[in-house]
Amino acid sequence: MSHDSEISRRDFLKSSAKTGAGLAAMSGLGLVGSAGRVLGANERVRVAVCGVRGRGVAHIKGFSALPNVEVAAICDVDENVARKRMADMEKMGLPKPKYYVDVRKLLEDKSIDAISIATPDHWHSLIAIWGCQAGKDVYCEKPCCHNWWEGKQLVTASNRYNRIVQHGTQSRSM
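Attention in this report is confined to the structure presented alongside it. (Residues numbered from 1 in each chain as written. Predicted model: local features only at pLDDT ≥ 70, side-chain atom pairs only at ≥ 80, totals over all residues. Heavy atoms only, no water.)

What follows is about unusual backbone geometry. Residue Pro-143 is bonded to the preceding Lys-142 through a cis peptide linkage, with omega at -15 degrees. Position of Pro-143 among the secondary structure elements: in the loop between strand S5 (137-141) and helix H7 (148-160). A positive phi angle is found at Asn-68, which is not glycine, with a value near 65 degrees. Mapped onto the secondary structure, Asn-68 falls in the loop between helix H3 (55-64) and strand S2 (69-75). In this structure Asn-68 comes out as partly exposed when scored by relative accessible area, which is 23%. A positive phi angle is found at Asn-162, which is not glycine, with a value near 55 degrees. With respect to the secondary-structure elements, Asn-162 resides in the loop between H7 and strand S6 (165-168). (Helix = DSSP H or I, 4+ residues; strand = E, 2+ residues; numbered from the N terminus. Buried < 20%, exposed > 50% of the residue type's maximum accessible area, 1.4 Å probe, protein only.)

Structure (structure tokens):
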């Protein structure tokens, strides 16, 4: 492949910044779906947002604005917060998502292609690793880990299960 046909890191990052998240940019543009299959024009990437009290609201709005992306599920341990988010999504005219209290049950859902993690920080790396193991691509808010060992385990899981994992830093990956 010639250098001219490759996308530069700078161009990829610009694209990611414009469309939401790199994962959503690739998936939402119909380039990649779960298990690396090429998506057709009529297919949608089904995303689940984990943690919808604070930053997860922005994830719902951002992913919902992308073409070929559906927020198909939300997961939060606080049922009152989840009910509020589902009502907000209804007001936005979005399809009613599935609701999960337990992220492990969410990860069993074969209809979910990717997860977005906006839970409290101490859950980020574990949920991301579980997501990779479950065959989901992952967008993970900062911090993705609390120490070097956790980060290495996440990289290992991403490689072992051939999953796309993007670490978000809000202003750099919106």
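Helix length check: H7, at 13 residues, gives a terminal C-alpha distance of 18 Å against a target of 18 Å (1.5 Å per residue), a fit within 8%. In this fold, the buried residues of H7 make contact with helix H6 (124-133) and S6. Between the side-chain oxygen at the start of H7 and the backbone nitrogen of Trp-149 there is a gap of 3.2 Å, and the oxygen is on Asn-147. Positive phi appears at Asn-162, one or two residues downstream of H7, with a value of about 55 degrees. (Expected span 1.5 Å × (residues − 1). Contact = heavy atoms within 4.5 Å. Polar contact = N/O pair within 3.5 Å; in protein donor to acceptor, adjacent residues only side chain to side chain.)

A full pass over the atoms with the stated rule returns 8 salt bridges. Put simply, Asp-78 and Arg-53 hold a salt bridge, and the shortest N to O gap is 2.8 Å. Here Asp-78 is found in the loop between S2 and helix H4 (79-91), whereas its partner Arg-53 is found in the loop between strand S1 (45-50) and H3, with 25 residues between them in sequence. With relative accessibility at 54%, the residue Arg-53 sits in the exposed group. Its salt-bridge partner being Asp-88, residue Lys-84 comes within 2.9 Å of it at the nearest N-O pair. In this pair, Lys-84 and Asp-88 are both assigned in helix H4, 4 residues apart and thus about one turn of the helix distant. It is possible to trace a salt-bridge network through shared partners that takes in Lys-84, Arg-85 and Asp-88. (Salt bridge = Lys/Arg side-chain N within 4 Å of Asp/Glu carboxyl O.)

Another point: the packing of aromatic side chains. Throughout the structure, instances matching the rule amount to 2 aromatic pairs. Taking the centre distance of 6.3 Å and the plane angle of 80 degrees together, the rings of Phe-63 and Tyr-139 count as edge-to-face. You can see Phe-63 sitting in helix H3 and its partner Tyr-139 sitting in strand S5, a full 76 residues away along the chain. There is no split in this pair, since Phe-63 and Tyr-139 are both buried. For the pair Trp-123 and Trp-130, a centre-to-centre distance of 6.5 Å together with 50 degrees between the ring planes defines the contact as tilted. A relative accessible area of 25% means that Trp-130 is categorised as partly exposed. (Phe/Tyr/Trp six-rings, centres within 6.5 Å; stacked < 30°, edge-to-face > 60°.)

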